[in-house]
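Descriptive analysis of the structure
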Amino acid sequence: MIPSVLPTYSRAPLHFVKGEGTWLIEADGRRFLDLGAGIAVNALGHAHPALVQALTDQAQKLWHVSNLYEIPQQQALADKLVENSFADTVFFTNSGTESCELAVKMARKYWYEKGHPEKTTILTFEGSFHGRSSAGIAAAGSEKMTKGFAPLLPGFKHVGWGDHDALHAAIDDTVGAILIEPVQGEGGIRPLPDQCLKGLRALCDEKGILLVLDEVQCGVSRTGRLFAHEWAGVTPDIMMVAKGIGGGFPLGAVLATEEAASGMVAGTHGSTYGGNPLACAVGCAVMDIVSTPEFLETVNARAGFLRQKLEGLVAAHPDVFEGVRGVGLMLGLKCKVAPVDMVKAGYGCGVITVPAADNVVRLLPPLNISEDEIAEAVNRLDFAADAVLEAKD
């Protein structure tokens, strides 16, 4: 008999009932150090006082009115994002998947309005993840994402990760945009080198193509800059964000230049819940914290400390790990064992991690994790690595 919750998840046998900063508390009282942060969502950990206060204050006033009316909290958050980014305008969604849908629509509508309705093709890359909607899975193109869901949304062309020749060969008169994650998350914490992102920007400028960045997982200070593309010193035309922007409250957004968004006029897109007062009140509180130079400086310091500790962990367990990769507090342990085995061993040692492709375990802790918590987390990963080896013997 099918369970009342549709069985699309392979869930761990854990029942968390409370969170405190970087810690999760199981129903039986066990405490876990959370290096997953809800898959890079809980940017400021669990039950952060400023976010709790923002949500509570707003909840006592007004929850939802729809986008038929002006929403002051939405305007305030849009202003903060525009002030702190390349963007001229913002549309609010509830998730990264919804942000992908709009980014695709926006890119295609741009060229339609410019008199080039043939420019509908969007180039994407092997190993990418852009959500699980029809557009998202078609953009990713992997069999794991698309099997059984045909016919797929047309208009996407897939290129090998790092294959420059294939990228250039794929560009024809129908290509209107390139969509890429500056750091692949689900694909195994694969950062796009700065010179490659610079090259993509130059290629788009040369060929008259829109550059669309998916920063759903790597954005909102995760890499030590407010947005990951800032490390390369370039800007996109359109950018998708979500996850960390709400600090755990469902919230996403599409940021764009005035030119790229020029086709999106009244009636071309909408959302019932997107950008409601509750979500945007929390989003404003998140932005007020994560966008400050002092906070970003601390993220980079913690990232350096975590990476140093992880390099020591890898050196101590050459039979379990190959190396460390990633940027900021978006790091991956490349494994010689099945990542799921390492994740499960972590549960037994009181530490939460997230599996990814390419034999990688993701480490995505809250951005305000302390050095003591980092040291303790890596100590627990050390015990987990021992447990994996013992299980193999």
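A brief report on the enclosed structure follows.

Reading the values: rules and limits
Residues numbered from 1 in each chain as written. Predicted model: local features only at pLDDT ≥ 70, side-chain atom pairs only at ≥ 80, totals over all residues. Heavy atoms only, no water. Helix = DSSP H or I, 4+ residues; strand = E, 2+ residues; numbered from the N terminus. Expected span 1.5 Å × (residues − 1). Buried < 20%, exposed > 50% of the residue type's maximum accessible area, 1.4 Å probe, protein only. Arc of directions from axis to C-beta. Contact = heavy atoms within 4.5 Å. Pairing = 2+ DSSP bridges. Axes fitted to C-alpha atoms, helices over the stretch in contact; angles between N-to-C directions. Parallel < 35°, antiparallel > 145°, perpendicular 65-115°, else oblique. Left-handed = near helix turned anticlockwise from the far one by under 90°. Nonpolar A, V, L, I, M, F, W, Y, C, P; charged D, E, K, R; others polar. Core = buried A, V, L, I, M, F, W, Y, C linked by side-chain atoms within 4.5 Å. Phe/Tyr/Trp six-rings, centres within 6.5 Å; stacked < 30°, edge-to-face > 60°.

So, helix α8 (residues 194-207)
- For α8, which comprises 14 residues, the first-to-last C-alpha distance of 20 Å matches the rise-based estimate of 20 Å (1.5 Å per residue) to within 8%.
- Every buried residue belonging to α8 is among C196, L197, L200, R201, L203 and C204, and all of these are buried. Angularly, the buried residues of α8 cover 160° about the axis, an arc narrow enough to put them on a single face. Seen from the buried face of α8, the exposed residues on the opposite side, beyond 90 degrees, are Q195, D205 and E206.
- Of the surrounding secondary structure, the elements contacted by the buried residues of α8 are α7 (164-170), β7 (175-180) and β10 (210-214).
- G208 sits one or two positions beyond α8 and adopts a positive phi of about 70°.

Here's the deal with the sheet that holds strand β6 (residues 156-159)
- A sheet is described by the order of its strands in space; here 7 strands give the open sequence β4-β12-β11-β10-β7-β5-β6, paired in mixed fashion. Either end of the sheet is taken by a strand with one partner, and the two such strands are β4 (89-93) and β6. Put simply, the sheet's adjacent strands are angled 20° from each other on average, direction ignored.
- Here β10 runs beside strand β11 (residues 238-241); their pairing, made up of 3 bridges, is parallel. Among the inter-strand pairings, D214 is bridged to a residue of β11, identified as M240.

A short note on the sheet that holds strand β13 (residues 321-327)
- Overall, antiparallel pairing links the 4 strands, which are arranged β13-β14-β17-β16 in an open sheet. Of all the strands in the sheet, just β13 and β16 (354-356) have a single pairing partner and so form its edges. Put simply, the sheet's adjacent strands are angled 30° from each other on average, direction ignored.
- Taken together, the 3 bridges between β16 and strand β17 (residues 360-363) define a ladder with antiparallel strand orientation. Its bridge partner being in β17, A356 is matched across the sheet by V360.
- Each of β13, β14 (330-335) and β17 is contacted by helix α10 (residues 293-316), which is oriented at about 165° to β13, the strand it contacts most.

Details of the packing of helix α2 (residues 49-59) against helix α9 (residues 277-290)
- Two elements in contact, α2 and α9, have axes separated by 9 Å at closest approach and are oriented at 150°. Between α2 and α9, the interaxial angle falls into the category roughly antiparallel. Crossing handedness for the pair α2 and α9: right-handed. Side by side, α2 and α9 meet where A50, L51, A54, L55, Q58 and A59 of the first sit next to P277, L278, A281, V282, A285, V286 and I289 of the second.
- Of the residues in the contact of α2 with α9, the class split is 12 nonpolar, 1 polar and no charged.

Regarding the packing of helix α3 (residues 72-83) against α9
- Running from amino to carboxyl end, α3 crosses α9 at an angle of 30°, the nearest separation of the two axes being 8 Å. One finds that α3 runs roughly parallel with respect to α9. Where α3 crosses over α9, the handedness of that crossing is left-handed. The segment α3 lies against α9, with Q73, Q74, A76, L77, K80 and L81 engaging P277, C280, A281, G283, C284, M287 and D288.
- Of the residues that constitute the contact of α3 with α9, the class distribution is 8 nonpolar, 3 polar and 2 charged.

What to know about the pairing of strand β12 (residues 252-256)
- Counting buried positions over the 5 residues of β12 gives 5, a clear majority of the element.
- Neither face of β12 is open: one carries G252, V254 and A256, the other A253 and L255, and all of them are buried.
- Here β4 pairs with β12 via 5 bridges, running antiparallel. Looking at the pairing, T93 lines up with G252 of β12.
- Relative to β12, β11 runs antiparallel, the two being bridged by 4 bridges. Residue V241 lies in a different strand from β12, and its bridge partner there is A253.

What to know about the nonpolar core
- Core analysis: the biggest nonpolar cluster contains 82 residues, and L81, I178, L255, L310, F321, L333 and M342 have the highest contact counts within it.
- Beyond its immediate chain neighbours, meaning those up to four positions away, L310 contacts V324, L331, L333, L363, V378 and L381.
- In terms of nonpolar packing, the next biggest core, distinct from the first, is built from 26 residues, L102, A177, L179 and V254 among them.

Some details on the packing of aromatic side chains
- Applying the stated criterion to the full structure yields 2 aromatic pairs.
- Centroid distance F16 to F32: 5.4 Å. Interplanar angle 80°. Geometry classified as edge-to-face. With F16 in strand β1 (residues 16-20) and F32 in strand β3 (residues 31-34), this residue pair connects regions lying 16 residues apart in the sequence.
- Residue class for F16 comes out partly exposed when judged on its relative accessible area of 33%.

Observations regarding unusual backbone geometry
- A150 connects to P151 through a cis peptide bond whose omega is 0°.
- A positive phi angle is found at A37, which is not glycine, with a value near 50°.
- Relative to the assigned elements, A37 resides in helix α1 (residues 37-40).
- Residue A40 is not a glycine yet carries a positive backbone phi of 65°.
- Along the chain, A40 turns up in helix α1.
- On the basis of relative accessibility, which here comes to 4%, the residue A40 falls in the buried class.

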